[in-house]
Amino acid sequence: MIPWIFLRAGEYPSGSELFSLAPSFLSPAEIAYLGTLRFPRRREDWLAGRWAAKRLLAALQRGGEPFAPTETALLRSRSGAPVLHHRGRPLPHSLSLSHRAGGVLCACCPLPGVALGVDLEWVEDRHPAFYQDYFTPAEQAFAAEVEPYAPAVWFTLLWSAKEAVLKSLGLGLKVDPRRVEISADPCTWQALHLPASSPGWQPLAVHTHSLPVDAPQRLWAQRRGDFVLTCALKAKGPADLAPDEHPLQP
């Protein structure tokens, strides 16, 4: 199973607290990178993501010992994705981070050959041009069939799922998001569009069109209040490989 952590604002230290705590959970390389971030909002998001990731890594073990926060570093690859290093050496773990509206989502898989992508979004209405520019006709047609209040949920879910898929493929938003098409069966949609309680991870179907790499084999989503969480997996790993049912508690 894939361990993950999801934190809302108030469930982790504030921006000023994180900054003062940085030497206790950042590696020297990360502290050096922190010094290059000029904008306060960017620094706070970056620190919150590293804080959550280090909490997640502390629950994992290497050689029978838990990861020491200051001995692990999440360094940017050429694609912008974080790569996990331990004592200066890259590890085969796949780790993905996302933050939005004060929330932070992180997942990590220690198995080699696995590529993860996670995304976190806040449910909100968007300009009609956004729907036309980034979603396929089939995705838009489904939105036209659902209840009047639900299109914002559906399009937020779609956008988050596309981002997670493209992260897992190492592409990001370098390609047209319409080349990734997401669909959900009625039962899955029923479980996802109601925010009152979380039904856990629900499977989604993903189809790609003319992408330079293969699509991930698996994709999941869940609701947490007005947050949408998605996790994409590109791997030939065990068939039961999926996000844990419950998030790690910090």
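**Looking at the packing of aromatic side chains**
Phase 1 of the analysis: By the definition in use, this model includes 15 aromatic pairs.
Phase 2 of the analysis: Ring plane angle 65 degrees and centroid distance 5.2 Å describe the contact between Phe 130 and Trp 159, whose orientation is recorded as edge-to-face. Within this pair, whereas Phe 130 is found in helix H4 (residues 128-134), its partner Trp 159 is found in helix H6 (residues 151-168), the two being separated by 29 residues in sequence. Across this residue pair, the class does not change: Phe 130 and Trp 159 are buried.
Phase 3 of the analysis: With 4.0 Å between their ring centres and 15 degrees between their planes, Tyr 131 and Phe 155 make a pair best called stacked. You can see Tyr 131 sitting in helix H4 and its partner Phe 155 sitting in helix H6, a full 24 residues away along the chain.
Phase 4 of the analysis: You can call Tyr 131 buried: its relative accessible area is 15%.
Phase 5 of the analysis: Through successive ring pairs, a cluster of aromatic residues spans Phe 130, Tyr 131, Tyr 134, Phe 135, Phe 155 and Trp 159.

**A few points about the side chain of Glu 121**
Phase 1 of the analysis: One can find Glu 121 in strand E9 (residues 115-122).
Phase 2 of the analysis: Residue class for Glu 121 comes out buried when judged on its relative accessible area of 6%.
Phase 3 of the analysis: In this structure Glu 121 touches Arg 100, Arg 126, Thr 156, Trp 159, Ser 160, Glu 163, Asp 226, Phe 227 and Val 228, once residues within four positions along its chain are discounted.

Thresholds, definitions, all that
Residues numbered from 1 in each chain as written. Predicted model: local features only at pLDDT ≥ 70, side-chain atom pairs only at ≥ 80, totals over all residues. Heavy atoms only, no water. Phe/Tyr/Trp six-rings, centres within 6.5 Å; stacked < 30°, edge-to-face > 60°. Helix = DSSP H or I, 4+ residues; strand = E, 2+ residues; numbered from the N terminus. Buried < 20%, exposed > 50% of the residue type's maximum accessible area, 1.4 Å probe, protein only. Contact = heavy atoms within 4.5 Å.

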